[in-house]
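What follows is the residue order along each chain.
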Amino acid sequence: GFASGPTLAMAARMGIPTLVQEQNSFPGLTNRWLAGKVDKICVAYSDMQRYFPAEKLIETGNPVRQDLDFQKGKEQARVDMQLQTDKKTILIFGGSLGAGTLNEAMKSAHDVLRKSDVQIIWQIGKYYEQTYMGCETAQLENISAMVFIDDMAKAYAAADLVVCRAGALTISEISLLGKPTILIPSPNVAEDHQTKNAKALTAVDAAMMIEDSKAGAVLIREAIDLVHDAEKLKALGGRIKTLSRPNATKDIVKVILNM
């Protein structure tokens with residue numbers, strides 16, 4: 001990150017061993033600047049030699065929280081979240097603050113959702129609480145709207161399909177769990193790196209992607225169609241699972257200790 005750049009550069013100049021970890025498929029400015037200076041570069045995606053010296057690269061994946069696996073299973077997760085156990089379930093979230101595009105897509109699809117046989121866990125986010133928590137869509141019987149999700153492991157377990165942004169750590173989480181996913185990359189991030197993250201998955205058919213500008217018109221209909229396609233869900237879940245790196249934290253620490 002920007003704040004640690006000068007410190008790492010000075011450490012490298014002083015001969016102190018240095019390592020950076022790049023979470024995204026397209027590296028940030030600071031890590032690109034440091035690439036020629038540091039000793040090791042841990043990455044989460046393959047083909048990163050396009051940006052970094054190949055001899056410094058170690059593909060470790062990204063560290064993720066250790067409590068993501070809800071051992072009690074999908075049915076119990078739905079019971080705990082006061083959802084119906086027999087309905088197709090979509091989890092849609094935009095991070096702790098929320099994502100305006102995802103929220104607006106939900107609100108504008110009110111009639112579609114009202115007639116649908118799916119249920120949706122809709123995390124609105126703190127920033128958008130006043131705008132969307134009181135809207136008609138949030139009051140529908142098949143919509144479980146909330147500002148914040150306290151237990152992501154439970155929410156993931158309850159879902160047949162995940163709809164979310166394409167941040168590096170979110171992708172690492174859904175990969176670890178093998179969750180079929182529709183990614184809507186945020187256009188409001190440095191160097192459009194979320195789109196590059198998403199394309200790294202779509203290139204190997206491990207996720208679906210909808211552009212932010214198109215999401216309002218098509219996202220909810222496409223999500224409802226996909227959640228009813230058992231074969232497609234199974235294929236997406238299986239492929240994204242192969243990209244997971246469950247031992248990322250240990251592997252990164254091992255590299256550090258060896259230095």
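Presented here is an overview of the structure given in this document. Since the model is a prediction, treat every value here as computed from it, not as a measurement.

1. Topic: the packing of aromatic side chains
This model, assessed by the stated rule, comprises five aromatic pairs. An angle of 85 degrees between the planes, with centres 5.4 Å apart, marks the rings of Phe26 and Tyr51 as edge-to-face. Linking Phe26 in the loop between β1 (19-22) and α2 (29-34) with Tyr51 in the loop between β2 (40-43) and β3 (57-59), this pair joins segments that are 25 residues apart in sequence. Judged by relative accessible area, which is 28%, Tyr51 ranks as partly exposed. Here Lys196 stacks its cationic end above the ring of Phe26, 4.6 Å away from the centre of that ring.

2. Thoughts on the sheet that holds strand β5 (residues 119-123)
Taken in spatial order, the six strands of this open sheet run β6-β5-β4-β7-β8-β9, and their pairing is parallel. With one partner strand each, in any of the chains shown, β6 (143-146) and β9 (208-209) form the two edges of the open sheet.

3. A word on the pairing of β2
Two elements, β1 and β2, share four bridges in a ladder whose sense is parallel. Looking at the pairing, Glu22 lines up with Val43 of β2. A crossover connection joins β1 to the parallel β2 through α2; in handedness this β-α-β unit is right-handed. As judged from the three bridges shared by β2 and β3, these two strands associate in the parallel manner. Following the sheet pairing, Cys42 is matched in β3 by Ile58.

4. A closer look at a nonpolar patch on the surface
There is a patch of nonpolar side chains on the surface, built from Met10, Met14 and Ile16 and spanning about 310 Å² of accessible area. Counting through the fold element by element, Met10 comes out in helix α1 (residues 5-13).

5. Description of the packing of helix α4 (residues 100-108) against helix α10 (residues 212-227)
Describing two packed helices takes the angle between their axes plus the distance from one axis to the other. Relative to each other, α4 and α10 sit at 30 degrees, their axes nearing to 8 Å. When the interaxial angle is binned, α4 and α10 end up roughly parallel. Note that α4 runs across α10; the crossing there is right-handed. Along its contact with α4, which presents Thr101, Leu102, Ala105, Met106 and Ser108, the element α10 presents Asp212, Ala215, Gly216, Leu219 and Ile220. Counted by class, the contact of α4 with α10 contains six nonpolar, three polar and one charged residues.

Cut-offs used in this document
- Residues numbered from 1 in each chain as written.
- Predicted model: local features only at pLDDT ≥ 70, side-chain atom pairs only at ≥ 80, totals over all residues.
- Heavy atoms only, no water.
- Phe/Tyr/Trp six-rings, centres within 6.5 Å; stacked < 30°, edge-to-face > 60°.
- Helix = DSSP H or I, 4+ residues; strand = E, 2+ residues; numbered from the N terminus.
- Buried < 20%, exposed > 50% of the residue type's maximum accessible area, 1.4 Å probe, protein only.
- Lys NZ or Arg CZ within 6 Å of the ring centre and 35° of its normal.
- Pairing = 2+ DSSP bridges.
- Right-handed = clockwise from strand over helix to strand, strands pointing away.
- Patch = residues over 30% accessible without salt bridge, like charges linked within 9 Å, V, L, I, M, F, W, Y side chains within 5 Å.
- Areas by Shrake-Rupley, 256 points an atom, 1.4 Å probe, with all protein chains shown as cover.
- Salt bridge = Lys/Arg side-chain N within 4 Å of Asp/Glu carboxyl O.
- Axes fitted to C-alpha atoms, helices over the stretch in contact; angles between N-to-C directions.
- Parallel < 35°, antiparallel > 145°, perpendicular 65-115°, else oblique.
- Left-handed = near helix turned anticlockwise from the far one by under 90°.
- Contact = heavy atoms within 4.5 Å.
- Nonpolar A, V, L, I, M, F, W, Y, C, P; charged D, E, K, R; others polar.

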